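Inside the fold
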Amino acid sequence: MITYNAENIAFPKIKRRETTAWIRRVAASYGKRVGEVGYLFCDDEKILEVNREYLQHDYYTDIITFDYCEGDTLNGDLVISLDTVRSNAELFHKPYDEELHRVIIHGVLHLCGLNDKGPGEREQMEAAEDKALRMLNVD
């Protein structure tokens, strides 16, 4: 089950059913199935609080992924700052909705085993995000 919640911010304009089906398709393309995945959309202050409390990082970010996967079943909590998503959309000259969906699937890709911190990993992650975004409107 995939759940969506918002804290300190208006809920984003996403189509929950379509987004859930898309997340399931992307997970399946990695041989995974979706178990319990929870999204929390929040503001910059909330994500900074989470980053400090759980990761001891003192900076804003667009997404924090907590991975509780078991075998081929994706389980996790994904915290997304809509403030940072909006700032990044402007910075990268991308539509807000595209950037939001990129971040939504970025966390799922982490749960599927992709990383973005090591040499060459960021490019692999971006390619996987692009591929996943192309799957968004395919039913």
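Residue positions within a chain follow its written sequence, with the count starting from 1. Reporting in this predicted model follows two pLDDT cut-offs: at least 70 for local features of residues, and 80 or more for side-chain atom pairs to be given and counted; totals over whole chains, interfaces and linings ignore these cut-offs and use all residues. As a rule here, side-chain values cover all heavy atoms of the structure and leave hydrogens and water aside.

**Here we look at the packing of helix α4 (residues 96-111) against helix α5 (residues 121-134)**
For the record, the criterion: To obtain an axis, a line is fitted to C-alpha atoms, over the contacting stretch when the element is a helix, and the angle between two such axes runs from 0 to 180 degrees between their N-to-C directions. The secondary structure listing takes helices from DSSP runs of H or I that are at least 4 residues long and strands from runs of E that are at least 2 residues long, numbered from the N terminus. With the far helix as reference, a near helix turned anticlockwise by less than a right angle produces a left-handed crossing, and one turned clockwise produces a right-handed crossing. In what follows, a contact means two residues having at least one pair of non-hydrogen atoms within 4.5 Å. Ten residue types, Ala, Val, Leu, Ile, Met, Phe, Trp, Tyr, Cys and Pro, are classed as nonpolar, four, Asp, Glu, Lys and Arg, as charged, and the remainder, Gly among them, as polar.
Taken N-terminus to C-terminus, the directions of α4 and α5 make an angle of 115 degrees; their axes are 9 Å apart at the nearest point. The two elements α4 and α5 meet at a crossing, and its hand is right-handed. Contacts between α4 and α5 pair Glu98, His101, Arg102, Ile105, His106, Leu109 and His110 from the former with Met125, Glu126, Ala128, Glu129, Asp130, Ala132 and Leu133 from the latter. Here the residues of the contact of α4 with α5 sort into six nonpolar, three polar and five charged.

**Describing the pattern of salt bridges**
Under the convention used in this document: The rule for a salt bridge is simple: a side-chain nitrogen of Lys or Arg has to be within 4 Å of a carboxyl oxygen of Asp or Glu. For each residue, the accessible area found with a 1.4 Å probe, counting protein chains only, is set against the maximum for its type, and the residue is called buried under 20%, exposed over 50%, and partly exposed in between.
In the structure shown here, the tally under the stated rule is eight salt bridges. Of the charged contacts, one joins Glu129 and Arg102 as a salt bridge, the two residues approaching to 2.9 Å between their closest N and O atoms. Placement of the pair is Glu129 in helix α5 and Arg102 in helix α4, with a sequence separation of 27 residues. Exposure class is identical for Glu129 and Arg102. Each is buried. One salt-bridge network, in which partners are shared between bridges, spans Lys94, Glu98, Arg102, Glu129 and Asp130.

**Brief notes about the packing of aromatic side chains**
Spelled out, the test is: By convention, a stacked pair of Phe, Tyr or Trp rings (six-membered ring in the case of Trp) has centres within 6.5 Å and planes under 30 degrees apart, an edge-to-face pair has planes over 60 apart, and any other such pair is tilted.
Tallied over the entire structure, the rule returns four aromatic pairs. Here the aromatic rings of Phe11 and Phe41 are separated by 5.6 Å at their centres, their planes lie at 80 degrees, and the arrangement is edge-to-face. Of this pair, Phe11 sits in the loop between β1 (2-6) and α1 (16-29) while Phe41 sits in strand β2 (residues 33-42), placing them 30 residues apart in sequence. Between the aromatic rings of Tyr54 and Phe66, the centroid separation amounts to 5.6 Å while the plane-to-plane angle is 75 degrees, which identifies the pairing as edge-to-face. Taken together, the residues Tyr54 in helix α2 (residues 44-55) and Phe66 in strand β3 (residues 63-67) connect sequence positions 12 residues apart. Since its relative accessible area comes to 17%, Phe66 is described here as buried.

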